Structure formats: C-alpha cells, structure tokens
Amino acid sequence: MKNVVIVDTVRTPRGKGKPGGALSSIHPQELLAGVLRELQRRNTLDPSTVADVITGCGNPVGSHGDNVGRLAALAAGWPTTVPGVTLNRACGSGQQAINAAAMMVESGQADVVVAAGVDMMSQYPMPDRTTLDAGNERLRERYPIIPQGISADLIATVEGFSRTDVDALAAESQRRAAVAIADDRFARSMVPVLAPDGTVVLDHEELPRATTAEALAGLKPSFGGLGSQTFEGYAEPFDAMAIRTYPEVDEIAHVHHAGNSSGLADGAAAVLVTSEAYARAQGWAPRARIVATATAGAEPVIMLTAPGPAAQRCAELAGMSLQDIDLFEVNEAFASVVLRFSREAKVDLDRVNVNGGAIALGHPIGASGPILMATLIDELERGDRTTGLVTMCTGGGMGTATVVERI
C-alpha cells in the first residue's frame, strides 16, 4: 500500500450564497474550473497525468448537474482524456472526494487524483419537499427525516444545550474568524475568483460579520414555526415526528437561528492527492500525509450526530486516540453539532475550529470538505503542529472523517 500525500490545496473565498452574492452570477462549472487551473499553474501539473477528478457536490441538479466534476475539468481546458466523477454524500461530499482519492492512490490504482468540491447555494433550486427522504412515504414512516435545523434543535434539547451555550459558540466562531482574517491565515490556499477579463470578482471571505453573544441573543429562533406546522402531504408537524422518535423529549427547545447556524455560501476547492514517491519524483514537496479515512452512520432523525463516531473510527484506523490529535476541523453546520462532538469525543474546544467555522465563514456544502482540509493544513504549518482531523455531519445521519499528518 502506498503512502498518500496532499501536495497542495486551492480554494475560492466563500461568497454569500444568495442572489446578489459576489459569486452568484458565475456558473458552478466555471467556479471550479478556475480552481483547477490554479492548482495546475501553482504546481506545474500536467493535467494529462490526472487519473480522475473526483468532485463532491451536495445538490447535483440544475446548474450543478450532468456531472459537474467532469464538466469543470473540460471548462478548465484540461484534456478530454481526463475523466471526472461527481459524488454526493450531502454535506460530506467534498470530504468523501478526498477520501476516495486517497483510496485510489493508496491501492495503486492511480498516481495523481484531484479531489474537489463545489456548491453554489445562491443557485439552488427550490426543493419539492421538506423532508430529506426523496418523497418515499414508506421510509418516512420508519424514519421521518426532518429538516436539519429541527434536528439541530433536537440535539440541543437531548443534550441540554441552552440558547446561551449555542450563542456563545457562534460568537466565538465569529471572533476566531476575524482574528484569522486579520492575520491572513487563509492566504496560502485561498485564491481570488477572476472574471473572464481578468478582473477580480471576489478576493476575501464575504460572510463574516462582527457580532457578540448579546447581539445574537436578540435573534428569533429559525425553526420553531417550521417545526409546529403541518405541511401538505404530511400527517403531523415535524416537531411531533421528532418527539415520536425521541419520546423522552416533551418539547423541542428551538435555540438555533441564522446567527448560530452555518451561513449559506458559494465556493469551490481542489486538493492534489498523489503517492509520496510520485510527488518526490516530480520535485513536489508534499504538505501532509493522509493517515486514515472513515465514515459512520447514525440515527437519521437526529441526523447530525455522526462526526463523533466517524472521528473515533478514523483515529483508531490511524492507530491513534483522539487525544493524540493536535487540531480538529468540525464543520459548524449548527452550533449544537460542535458542542455535542466536543462532549462526546472529550475534545476541548480550544483545539476545534481555531480559525472560526461555517457559522462565521459559510458552508458551501460540497466545497466545505476540501476547504476545511485546506484550513487545517495551513494551520498545522502556521502553528507548527503535527496531526489534524477533519470531520463533518451529513444529511441522512452520516459522518465523514480524515486524519492527516503534516510533513
């Protein structure tokens, strides 16, 4: 089995994921194509040597459809001989692309694979249903897979996290992100998005805004009304569905709102994954070694609780304990997800998301995994740390994890 390394990470800034956001008029293929070209330029990469472009996309329909990974490689001007595939593991799609690339290289099936991710929430079509079950009513009877915001509130209720707890984490995410931006900690991996004429479309993170726990306390919960309504085609409200699955809960405490949930974002990212021997032969200085990868499933109604089991399994595969890990990137889908991970994994928050997370910086779904990997490796180098772990919760009750070691 070959040693798998990450040679480089390249990503866009995260734009506001709604119409009028700085990136919202760009086609997702073109956004990812720009990242692929930059990855090629920075590393003098011969794209004809790339065995596959594996792209994570959380909603591969509409402008993201028809295999966006393959089409982005074509849009980048890469040879038609370079194949591409698009994976969907919901929010973990981009991290799954990295893990799949690592498996290809480790097994000897490829020397060079590009793992990528892209999602532009500004271009998401309106969903035709509210639950995450593809309209399967029989499955819904067994697992009422409610909207994620209600799942996040259910976690807070079951775990006893208060509104003060989740707001405090959100305020700290914004504070850490502000420090990271002021210190230019994202500069190595983040590249500006350019228009066809070469002008800069976006060269900075668009979502962060200064806030305090006191200011967040004034925001109304986002999911209480959603949870109490009975929508057409459903026999009962979503809160009732959750309580039926968790009868120990009398009432769901709706504590999440726009300020302590991940921001809607547009973005793209790519990671150059090779064997260590191949990288050295090309004269590349690999930045990190992929030590282990893992996935895990969890109960799909509460949905967002698998990062802990995924991280634990990944650490075990790496021959480590979670206490051996220097830094963690845990996707901040909602504040309760990170708080639960910290409690379950017994990992102090001082080691988690030290440069802020998706609450402050945004969550461009399929792009988030590669972006978190870029953030982690950059920070391992900046802080002279050795090991890091990325983990994410996903829709439908799953988690992804990757352990890397700085070289």
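Predicted, not measured: the structure shown is a model, and the values here were computed from it.

Undergrad: Could you give an account of the side chain of Asp378, naming the residues involved and the relevant values?
TA: Structurally, Asp378 can be placed in helix 14 (residues 368–382). Setting aside chain neighbours within four positions, we find Asp378 in contact with Arg185, Phe186, Arg188, Ser189 and Arg287.

Undergrad: I'd like a rundown of the nonpolar core, residues and numbers included.
TA: Among the nonpolar cores identified, the biggest contains 54 residues, and Leu304, Leu322 and Phe328 are the most heavily contacted of them. For this core, the leading source of residues is helix 12 (residues 335–345), giving 6 residues. Those residues in contact with Leu322 that sit more than four places away from it in its chain are Ala311, Gln312, Ala315, Phe328, Ala345, Val347, Arg351 and Leu389. Judged by nonpolar contacts, the second largest core, of 35 residues, contains Val35, Leu36, Cys57 and Val191.

Undergrad: Could you give an account of the packing of aromatic side chains, naming the residues involved and the relevant values?
TA: Under the counting rule described, the total for this entry stands at 5 aromatic pairs. With 6.1 Å between their ring centres and 75 degrees between their planes, Phe223 and Phe334 make a pair best called edge-to-face. Of the two residues, Phe223 sits in the loop between helix 7 (213–216) and helix 8 (224–228) while Phe334 sits in the loop between strand 10 (327–330) and helix 12, which places them 111 residues apart along the sequence. There is no split in this pair, since Phe223 and Phe334 are both buried. Measuring from centroid to centroid gives 5.3 Å for Tyr234 and Phe238, while their planes differ by 75 degrees, and the two rings are edge-to-face. With a relative accessible area of 0%, Phe238 lands in the buried category.

Undergrad: I'd like to hear about the pairing of strand 10, residue by residue, with values.
TA: Covered by surrounding structure in strand 10 are Leu327 and Glu329 together with Phe328 and Val330, the residues of both alternating faces. Sheet analysis places strand 10 next to strand 11 (residues 387–394), joined by 4 bridges and oriented parallel. Looking across to strand 11, one finds that Leu327 is bridged to Gly388.

Undergrad: Give me the environment of Ile377: which residues, what numbers.
TA: Position of Ile377 among the secondary structure elements: in helix 14. On the basis of relative accessible area, Ile377 is assigned to the buried category, the value being 1%. Put simply, Ile377 and Leu327 are 50 residues apart on the chain and 9.7 Å apart in space, counted from C-alpha to C-alpha. With near-sequence residues (within four places) excluded, Ile377 lies in contact with Ile6, Thr9, Arg287 and Ala288.

Undergrad: Please give an account of helix 5 (residues 148–159) that cites residues and values.
TA: Since one α-helical turn is 3.6 residues long, residues separated by three or four positions face the same way. Between its first and last C-alpha, helix 5 extends 16 Å over 12 residues, near the 16 Å set by a 1.5 Å rise per residue. Burial of helix 5 is extensive: 9 of the 12 residues sit out of reach of the surface. Among the residues of helix 5, Gln148, Gly149, Ile150, Ser151, Ala152, Asp153, Leu154, Ile155 and Ala156 are the ones counted as buried. Along its buried surface, helix 5 packs onto helix 8, helix 9 (238–245) and helix 12. At the C-terminal side of helix 5, Gly160 shows a positive phi close to 80 degrees.

Each value, and the rule that gives it
- Residues numbered from 1 in each chain as written.
- Predicted model: local features only at pLDDT ≥ 70, side-chain atom pairs only at ≥ 80, totals over all residues.
- Heavy atoms only, no water.
- Helix = DSSP H or I, 4+ residues; strand = E, 2+ residues; numbered from the N terminus.
- Contact = heavy atoms within 4.5 Å.
- Core = buried A, V, L, I, M, F, W, Y, C linked by side-chain atoms within 4.5 Å.
- Buried < 20%, exposed > 50% of the residue type's maximum accessible area, 1.4 Å probe, protein only.
- Phe/Tyr/Trp six-rings, centres within 6.5 Å; stacked < 30°, edge-to-face > 60°.
- Pairing = 2+ DSSP bridges.
- Expected span 1.5 Å × (residues − 1).

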